[in-house]
Amino acid sequence: MALYITEECIICDACVVPCPNQAISRGQPYVIDPDKCTECVGAHDEKQCVKVCPVDCILPDPNRREPQDALLAKYQRLHPA
Amino acid sequence: MALYITEECIICDACVVPCPNQAISRGQPYVIDPDKCTECVGAHDEKQCVKVCPVDCILPDPNRREPQDALLAKYQRLHPA
Amino acid sequence: MKTEIRIAGLGGQGVILAGYILGKTATIYQNKHATLTQSYGPESRGSACSACVIISDEEIFYPHLTNTDVGIFMSQDGYHKFNREAKDSALLFLDSDLVKPEEKDAGKLLFIPATQIAEKLGKKIVANMVILGFLARHSGIVTLEALREAVGSIVSKKHLELNLKALYQGYNYQVEKVR
Amino acid sequence: MKTEIRIAGLGGQGVILAGYILGKTATIYQNKHATLTQSYGPESRGSACSACVIISDEEIFYPHLTNTDVGIFMSQDGYHKFNREAKDSALLFLDSDLVKPEEKDAGKLLFIPATQIAEKLGKKIVANMVILGFLARHSGIVTLEALREAVGSIVSKKHLELNLKALYQGYNYQVEKVR
Amino acid sequence: MNFQHPYSELLRTDRLPHIWCPGCGLGIALDSFCMAIAEMKLPLDKLAVISGIGCSGRIAGYLNVDSFHTTHGRAIPFATGLHLANPELNVVVFSGDGDLVGIGGNHLIHAARRNLNLKVFCVNNFIYGMTGGQMGPTTPPGAISATSPFGNIEYAFNLPHLAASCGAVYVARWTVLDILKLKKSMQEALNKKGFSFIEIISPCPTLYGRFNNQNTGVEMMRYFKTHTVHNPKANLSEIEISHGGQIVVGKFLDIERPTFMELYRKVVQERVKRTLDEKYEEKAYPQEHT
Amino acid sequence: MNFQHPYSELLRTDRLPHIWCPGCGLGIALDSFCMAIAEMKLPLDKLAVISGIGCSGRIAGYLNVDSFHTTHGRAIPFATGLHLANPELNVVVFSGDGDLVGIGGNHLIHAARRNLNLKVFCVNNFIYGMTGGQMGPTTPPGAISATSPFGNIEYAFNLPHLAASCGAVYVARWTVLDILKLKKSMQEALNKKGFSFIEIISPCPTLYGRFNNQNTGVEMMRYFKTHTVHNPKANLSEIEISHGGQIVVGKFLDIERPTFMELYRKVVQERVKRTLDEKYEEKAYPQEHT
Amino acid sequence: MKNNHLPLSQSHFINGNEACAEAALLAGCRFFAGYPITPSTEIAEHLAERLPEVGGIFIQMEDEIASMNAVLGAVWGGLKGMSATSGPGFSLMMENIGLAVMTETPCVVVDVQRGGPSTGLATLVGQGDMMQARWGSHGSYEIIALCPSSPQEFFYQTIQAFNLSEKFRVPVLLMADEMVGHMSEKVVIPPIEKLEIYPRRYTLKPPGEYKVYQRAENGVPEMVKAGDGYRIHVTGTTHDERGYPFMNEETQKELIPRLVDKIRKNHKELIDTKEFFTEDAEVVLVGYGITARTLRWVAHLAREKNLKVGVLKLNIVWPFPDEVVLNLAKKVKALVVCEINMGQMVREVERAAKGFCEVKFMGHPGGGMHSPTDILEAVQQVKA
Amino acid sequence: MKNNHLPLSQSHFINGNEACAEAALLAGCRFFAGYPITPSTEIAEHLAERLPEVGGIFIQMEDEIASMNAVLGAVWGGLKGMSATSGPGFSLMMENIGLAVMTETPCVVVDVQRGGPSTGLATLVGQGDMMQARWGSHGSYEIIALCPSSPQEFFYQTIQAFNLSEKFRVPVLLMADEMVGHMSEKVVIPPIEKLEIYPRRYTLKPPGEYKVYQRAENGVPEMVKAGDGYRIHVTGTTHDERGYPFMNEETQKELIPRLVDKIRKNHKELIDTKEFFTEDAEVVLVGYGITARTLRWVAHLAREKNLKVGVLKLNIVWPFPDEVVLNLAKKVKALVVCEINMGQMVREVERAAKGFCEVKFMGHPGGGMHSPTDILEAVQQVKA
Ligand SMILES: Cc1ncc(C[n+]2csc(CCOP(=O)(O)OP(=O)(O)O)c2C)c(N)n1
Ligand SMILES: Cc1ncc(C[n+]2csc(CCOP(=O)(O)OP(=O)(O)O)c2C)c(N)n1
Ligand code: SF4
Ligand code: SF4
Ligand code: SF4
Ligand code: SF4
Ligand code: SF4
Ligand code: SF4
Ligand SMILES: [Mg+2]
Ligand SMILES: [Mg+2]
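Here the structure is a predicted model, which is why all the values come from computation and not from measurement.

Definitions and cut-offs
Residues numbered from 1 in each chain as written. Chains lettered and ligands numbered in written order. Predicted model: local features only at pLDDT ≥ 70, side-chain atom pairs only at ≥ 80, totals over all residues. Heavy atoms only, no water. Helix = DSSP H or I, 4+ residues; strand = E, 2+ residues; numbered from the N terminus. Rg over C-alpha atoms; globule rule 2.2 N^0.38 Å. Buried < 20%, exposed > 50% of the residue type's maximum accessible area, 1.4 Å probe, protein only. Contact = heavy atoms within 4.5 Å. Areas by Shrake-Rupley, 256 points an atom, 1.4 Å probe, with all protein chains shown as cover. Donors = N, O, S within 2.8 Å, 3.2 Å for Na, K, Ca; no water. Near = heavy atom within 4 Å. Nonpolar A, V, L, I, M, F, W, Y, C, P; charged D, E, K, R; others polar. Domains from an automatic or database assignment. Buried area = accessible area lost by both parts, 1.4 Å probe. Polar contact = N/O pair within 3.5 Å; in protein donor to acceptor, adjacent residues only side chain to side chain. Salt bridge = Lys/Arg side-chain N within 4 Å of Asp/Glu carboxyl O. Least-squares fit on C-alpha atoms with pLDDT ≥ 70 in both. Phe/Tyr/Trp six-rings, centres within 6.5 Å; stacked < 30°, edge-to-face > 60°. pLDDT = per-residue confidence, 0-100.

Draft legend 1. View of the overall build of chain A. Check the secondary structure of chain A and you find 2 helices and 4 strands. Along chain A, helices and strands appear, N-terminal first, in the series β-β-β-α-β-α. Against the compact-globule benchmark of 12 Å for 81 residues, chain A has a radius of gyration of 12 Å, which places it among compact chains. Along the first, second and third principal axes, the C-alpha set of chain A runs to 35 × 25 × 20 Å. Out of the 81 residues belonging to chain A, those deemed buried represent 44%. The contacts in chain A between residues at least 6 apart in sequence include a share of 71% that link residues at least 24 apart. Counting every atom, chain A has about 4,400 Å² of accessible surface; 51% of that belongs to carbon and sulfur.

Below you can see the structure in the form of structure tokens.
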């Protein structure tokens, strides 16, 4: 289940760096690329972006539910070596 | 009837110069010398100090009633030549 | 020819204006050179105040008075304070009611009750015009015509008549005492 | 003898502090002369930052580096930006995880995974101590004892142990690759 | 920032990345402004932004409009001249607390009093950032800074109250968390005729935060989030910001009052008789192209 | 004044008569102050009066106390240093509207904010007197002056409101007509710990009056008399002074708040460990007589 | 006495301050921001009436710092701007005169000098701000300063000041003195056609091709104004051609020499002195402002006594006319410098004279003028 | 890295700003008012911690103008006071440095010079405020200014500055530069007994007999402080011995020459220069501050090449040591003046040299130091 960023985002940049998959980039306001977000599976125990977001505006996207192994596979695809 | 100055006086100096008898001087706050005040008799039709006082704090002294001719006599005494 | 003129009196007597009119008369209406300098600032408000005018046929370099030729004094204070640098032969114009000259004063003294004349005309403030008219008659520094033009260029229409009247009365005043 | 030292890295890596400790060690505890100059101001916050230390037996007149003898680089950026003026024979101390030297670089290169060692000790921030210890061992510019004293005089009691531990680990680190 | 910025046409992209620290709120303030003007489709050639000196003072320079980076504290008088010389410009002063109410405080209160048609956006980060974290006129009592090592003993200005007491016609306060409200407020100010003042509370983690137990921008943002109260009806005299207290935000004032320039024009129309010949007019005016 | 002045021991009689115009209110303000301190029996050696430049700025120089006539606008920061160096002094700043809120406005608001123990008596004559009657920050809209020949188009500061919004602990306004209330107010301020501000409305017939149809001091006083309303409960935001409007007077604010010096002492006591040897202390302090 | 609607092109009897104000209008000044201070206030008062009449802006600011900045803002808004002050206010303007230099903002600042230092003699004459005009702001820069010695000259120099400021894009300082400011004399205002008035040198380049600090004629960049689509950035920080701040030595080395050379390399154009009787002079009196008139009077008196005395009058004082002084120094016995201060321009004369002749100083602390006889005496001493 | 409780009388490795702050405390400074500005801020920051520890007062004011005035107030309140700033703030202080001169208020102002003009190079070195130190305020006055070239010298000169300010009752300016302020070096703090520290010269006269501006030793009046019963009046307006303002020429003629002569007549005492290898030098390099160190290095390099190069280092720059320069000028081929500005003290050298030798200038616009090899090259050119 990829995440998405709500309108409450304050464009503070905090989530960009910790994302292991470079999934977050500038949009209106910020956007998470669902093809890249693995919910941090493969890299961390916790969702890094959710952890740092000061306004708790990163939520699970109900339209994008993905099982754990799919996420892991995605991660491995993204990080081949 | 000589005049006296009440507590409301604001020490503005305005009455000092026009007095034909130099009757007004600095005190607490200002004082009129009853031996000098002729109510302007002999010099002017109107009481000069009363006319200029911005706060109307120069009043007739009820303890010092003097007839018109006494005032004139006083004036002549004060201005011999 | 160069004439150094000192005008002195109290703030509010129109001393500076008199100086200004003299200067304007000379420069604009008589094609001479003139400088006007004056005392400035609050320390002079209410107390003795003065204007210095130099009128000359040639360019004036040094605008300070070094040797006053003509003095116009409208208050005792002004006379005391500013008569020091007048030269012995100076011509002094005095308001006869307001200035008592000292014995020692040499030169020619001319008296006119300028303020009194002005008061009779209805406005004390035009005493300066009276004395300017008087000056024009007795000094030859400026002409009455030029003075009239200068006054006309400065004084508002509303007050012009009064001012000119004062000027003429000064011009036509019969000298009482010359010493 | 005069040694010119450049320390560079990122803001927050303790670059300036390392320079300060070097300078203090040399002047106060080894009775030498030393100057420390550094990059200042907001333009340097977060980006490449550097300190220059000159240590000499004689009075130092010119406090700018003209010919760097020793370089200590804790970031790629710092290495790029500040390695230019190092002389060919310069001794370079590099954090092996953070800096990849360029081929062309001559002189002697010494690598230590200072940040990694520091992290293992529990605080990334003491990487500068690690590298100072390492420097003491391999350069002879300062002695370990003097360094220890200097660190002791600066670091608060609470953090002293950790800092010294880092210093020692740097000192005792076995060089992996020298090029 | 190494991604394509959505407002790249509003920014001098050749100057990016900006010099601000990670976690600094200034980027957000700048973003809000970009959002505001992008949405309004304001004619950019008629917008001018003036800053003083400070971290906040760098804002002008990143915006791709006519921008002026003046001396410390003097953005408002500079803007005054610019505005009066060309009243068609929408003149925004965007600067820091130290700049606008420390050294520049007198200009602020007089510009408000005159009701000049200026829009002043004051980034309050509670500190003098650029010079390394000294206390300033908005540093809350008790806070530690480079020049209040034992805790600040001065009271802080209540900026909305101050601006209002001097005559500003539009007064608001937001934190950088309130990004959409801030944007809207900026738009209102840009549309307003008269002296408009917006205080923008912004985190300076590097200096203010570090000294005061809020080490990262995120921590400071969280603090703002939990302490902000939106209350546009608040009594202006009661909304000073204290260490650990509430941060009352809102649009507090939005009134009408003729501006300096409106009154100037009126006086000229009603009182001044133009007496000069045309030729004079023509030649003396500065000419465009020569 | 060629009579014996009742406060001659409080005045530098060798400087009298003063330079003020006939009808000026400054003499009255000075008198009120003399009355106030005479009645309080304040130790005169511990009283210091600081002025800036202006007609009002001459007040310091007439008082026979330690008096400082500083530069234009800088009386308050000078007084700040004096006060902090010797907190035993009762430090009074007595100066004009242009001096204190025109060029000196920033110092006023910051001193109020800091709650420095200063007593600021601001003579508001609506004009820059000393320089010949130019408009200033308190000139009412519409008034004529040397630099507003077509009528002033600026709004005037509402000084009590401004002072209060910055943190003054004592705020009052009187006209020179209210001589006894003014005296009492001055006494309260002198007894107060903290930043105290009294606005003293005073006639300048020579310049303000002359331009605005009130040619004499007496006329202006009459005007004040008929327009003054005593209302200490007034809403501070509503007591600005307009041409022809009411002049609301009263003591508007009198609250308690620790002063800068009290907080400084507290910090020193609680936080600072003295670590220097005595010798150092001794030699380094400035010595009295050598 | 106010010449409210001063008609043009005729003779007037007005004081120097009024002459300056009228000249400013003729030079195209349409913005004045100032703060009252004796003895300059008449300039502001006069313009408070006159600017609205000609469609310009007058504003009295809260202090001199604000005034200076408002002028700079107005210039970037497209108007020609000026402020006027006296010593204390001039001191306060110093920081932002530096901003004008750094941002190359053409403008004129009038300092009607009174007796100093500090509040000093507010209503009386002084010439003590001459070095301050050159060195009063921090950092290295060059500037232009002029000294009038009569209301008529004050009139012409005001126009010259605006012209030079537009030409070189530097603040130009008009260093008048109380005597010249307050003295009334005949002032002839010529028809505007007879006056040379420099318009602003706006660029002809379109926005894409224009860089705000790119060298153009004489090293001076071309101007634009806000609102014209150029989207400029202007800063007092060290900057590159685009106006972008760069805090480093290289940018400084590009920028500062250019700013300084605008004046230094065009120095010849900026020599403006006048000599009287110097052909055969053995002693030359050097002065400026009101003092130059005293000196001409002294020369007149001296010539009457057959003393070979000449006068060098400085009209543009900064940049200092080194060559002129050196040439005189090579041929005279002594240069006697007279100024109403305790020794300012005399140091420049000493420097420029390079030891070729004696340089004597006659100062006056202010509040009055030199006595011509004192100077004459000093001259006679030199000759002995 | 902060030396919070810097122990006394030992060696420290500290930067120039910290050395200055500690020295101020030793000199008896108990009041500091300032406003942050790079590169001087460490002085304020250090004193913010240290002054409360020694019973003194630290206050950060709203600007530099307020800072300067607060210092003056504190001095009249009985403390020794100081402020520290850099170029832009120094410019703002100018008006009230004039007030200090006029009221004869002893105090110290530190200017840690950065690259100018205007905001310029906020974090980098410059020496462009040297002439401003002398001439930055309006009116005629004399002042004392010192230039340190190392943290240790900054330490000693701070004490010297306080001493001179008390002795002559003038503001003393400490013209440091960013390099000296920010560079750390060994600084030996001697025991306080070894330091000569001037206490304030308070009068011994009782109130009735004392006049606040009566001439005493060296023309300098004795001091009192507020609260001691003297009931003084102090004004920046021209005043008589009692401190009463009198706006006239006579009072000015009494006052100003006395103020100026305090320095001029005691000029000998105020010569403080140091010469290196000048005995046989053909070329002498002249400099101050950080640049003097570069010059010593160049001399060192030159001597290695057998070039007869010496160095004249100026410690007190104002009043300028005319005699020292003249004496050198008479015996050398050239004086080469190096400064981090576009030509300031070189003009004084030119003036003082009176044409006796060539005077060459090597400037640097700021943001860095001279390259020793460039100077060496220039020296070699002179010799050719
Ligand atoms: C006259 C002057 N004084 C001091 C400075 C130094 N200075 C530069 S920025 C700054 C403080 C800026 O604070 P603020 O406006 O709050 O901006 P921030 O950096 O916090 O965003 C100061 C004091 C200066 N440039 N000019
Ligand atoms: C820096 C500076 N600017 C301007 C002046 C000129 N100046 C002297 S007094 C004054 C105005 C005083 O007005 P205010 O304080 O209202 O006093 P008032 O004369 O009305 O009592 C001014 C502008 C000055 N002395 N110094
Ligand atoms: S949950 Fe992890 S992977 Fe997904 S966007 Fe956030 S940080 Fe990136
Ligand atoms: S951390 Fe949260 S608020 Fe910040 S940019 Fe990311 S999503 Fe937006
Ligand atoms: S009534 Fe007349 S005489 Fe009596 S005090 Fe008044 S003015 Fe003087
Ligand atoms: S006029 Fe009236 S108020 Fe003024 S002094 Fe006389 S009695 Fe008092
Ligand atoms: S110092 Fe503070 S205000 Fe400045 S950029 Fe960094 S975080 Fe932002
Ligand atoms: S000018 Fe006005 S304020 Fe000044 S003394 Fe005269 S009346 Fe009073
Ligand atoms: Mg800030
Ligand atoms: Mg006033």
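Draft legend 2. Focus on the coordination of the magnesium ion (ligand 9). Residue and element names in this part refer to chain E. Donor atoms from the polypeptide that coordinate the magnesium ion (ligand 9) comprise D97 (OD), N125 (OD1) and I127 (O), at 2.0 to 2.1 Å from the metal. Mapped onto the sequence, the donors of the magnesium ion (ligand 9) take the spacing D-x27-N-x1-I. Residues N125 and I127 agree in their burial class; the two are buried.

Draft legend 3. Examining the coordination of the magnesium ion (ligand 10) more closely. Residue and element names in this part refer to chain F. Surrounding the magnesium ion (ligand 10) are the protein donor atoms D97 (OD), N125 (OD1) and I127 (O), which sit 2.0 to 2.2 Å from the metal. Along the chain, the residues donating to the magnesium ion (ligand 10) are arranged with the sequence spacing D-x27-N-x1-I. Here D97 is found in helix α4 (residues 97–103), whereas its partner I127 is found in the loop between β4 (119–124) and α6 (159–166), with 30 residues between them in sequence.

Draft legend 4. Region of the structure containing helix α6 (residues 159–166) of chain E. Residues and elements named next belong to chain E. Counting buried positions along α6 gives 8 out of 8 residues, so the element sits mostly inside the fold. Looking at α6, one finds that the buried residues are L159, P160, H161, L162, A163, A164, S165 and C166. With its phi angle positive at about 120 degrees, G167 sits one or two positions after the end of α6.

Draft legend 5. Main features of the site of ligand 6. Within the structure, ligand 6 sits among 14 residues, and C9, I10, C12, C15 and C53 of chain B are positioned closest to it. Looking at side-chain class alone, the shell around ligand 6 contains 13 nonpolar, no polar and 1 charged residues.

Draft legend 6. Here's a closer look at the domain arrangement of chain G. Residues and elements named next belong to chain G. Per the domain assignment, the segments of chain G are domain 1 (10–194) and domain 2 (274–380). Look at where the C-alpha atoms of domain 1 and domain 2 centre, and you get two points 26 Å apart. In this complex, domain 1 contributes 29 residues to the contact, which on the side of domain 2 involves 23 residues. It is Q127, M130 and M131 that lose the most area in domain 1 upon contact with domain 2, and together they represent 31% of the buried surface on that side.

Draft legend 7. Quick look at the site of ligand 1. Near ligand 1 there are 24 residues, and of these C55, S56, D97 and D99 of chain E together with E64 of chain H occur at the shortest range. In this structure, ligand 1 sits where chains E, G and H come together, each supplying nearby residues. Taking G98 of chain E, its main chain carries an N or O atom lying 2.8 Å from an oxygen atom of ligand 1. In isolation ligand 1 has 590 Å² of accessible area, and contact with the protein removes 98% of it. Counting only elements with at least two residues in the shell around ligand 1, the list comes to α4 (97–103) of chain E together with α4 (87–103) of chain H. Looking at the shell around ligand 1, the element that brings in the most residues is α4 of chain E, giving 4 residues.

Draft legend 8. Spatial organisation of the interface of chain G and chain H. With 63 residues of chain G in contact, the opposing surface of chain H contributes 63 residues. When the two sides are added together, the surface that chain G and chain H hide from each other amounts to roughly 5,100 Å², 59% of it contributed by carbon and sulfur. Per-residue buried area on chain G facing chain H is highest for W135, H138 and M342 of chain G; these three make up 15% of the total on that side. At the junction of chain G with chain H, the criterion picks out 4 salt bridges. Across the pair R351 of chain G and E350 of chain H runs a salt bridge whose closest N-O atoms are separated by 3.2 Å. Remark: the boundary between chain G and chain H carries 32 residue pairs in polar contact (both at pLDDT 80 or more). Looking at the side of chain G that touches chain H, the elements with two or more residues in it are α4 (87–103), β6 (121–125), α5 (130–135), α8 (249–264) and α11 (345–353) of chain G. Sort the elements by how many residues they give to the side of chain G that touches chain H and α4 of chain G lands first, with 10 residues.

Draft legend 9. Quick peek at the relation of the copies chain G and chain H. Expressed as a screw transformation, the operator carrying chain G onto chain H has a rotation angle of 180 degrees and an axial translation of 0.0 Å, and the superposed copies differ by an RMSD of 0.0 Å. These values place the two chain copies in the arrangement generated by a two-fold rotation axis. Most of the interface of chain G is mirrored in chain H, where 100% of its interface residues are also at the interface.

Draft legend 10. Spatial organisation of the packing of aromatic side chains. What the rule picks out here adds up to 37 aromatic pairs over all chains. Between F33 of chain E and F121 of chain E the ring centres are 6.0 Å apart and the planes differ by 70 degrees, which places this aromatic pair in the edge-to-face class. Taken as a pair, F33 of chain E in helix α1 (residues 26–40) and F121 of chain E in strand β4 (residues 119–124) lie far apart in primary sequence, 88 residues in all. Accessibility expressed as a relative area gives 0% for F121 of chain E, which makes it buried. Measuring from centroid to centroid gives 5.1 Å for Y210 of chain G and Y230 of chain G, while their planes differ by 70 degrees, and the two rings are edge-to-face. With Y210 of chain G in the loop between β9 (184–188) and β10 (233–235) and Y230 of chain G in the loop between β9 and β10, this residue pair connects regions lying 20 residues apart in the sequence. Looking at Y210 of chain G, the relative accessible area reads 10%, which means it is buried.

Draft legend 11. Layout of the confidence of the model for chain G. All names here are of chain G. Considering every residue of chain G, the mean pLDDT works out to 95; 97% of them sit at 70 or more. The model gives residues 1–6 a pLDDT under 50, and that stretch makes 21 contacts with residues more than four places away or in other chains. Reported for the predicted complex are a pTM of 0.95 and an ipTM of 0.95.

Draft legend 12. Summary view of the interface of chain F and chain B. In this complex, chain F contributes 17 residues to the contact, which on the side of chain B involves 18 residues. Taken together, the two surfaces of chain F and chain B that pack against each other cover about 1,400 Å², and 59% of this comes from carbon and sulfur. Between R26 of chain B and D31 of chain F there is a salt bridge whose closest N-O contact spans 2.5 Å. On the surface where chain F and chain B come into contact, there are 4 residue pairs in polar contact (both at pLDDT 80 or more). Sorting the residues of the side of chain F that touches chain B by element identifies α1 (26–40), α7 (179–191) and α9 (217–227) of chain F as the ones contributing at least two each. Its residues assigned to classes, the side of chain F that touches chain B shows 12 nonpolar, 2 polar and 3 charged.

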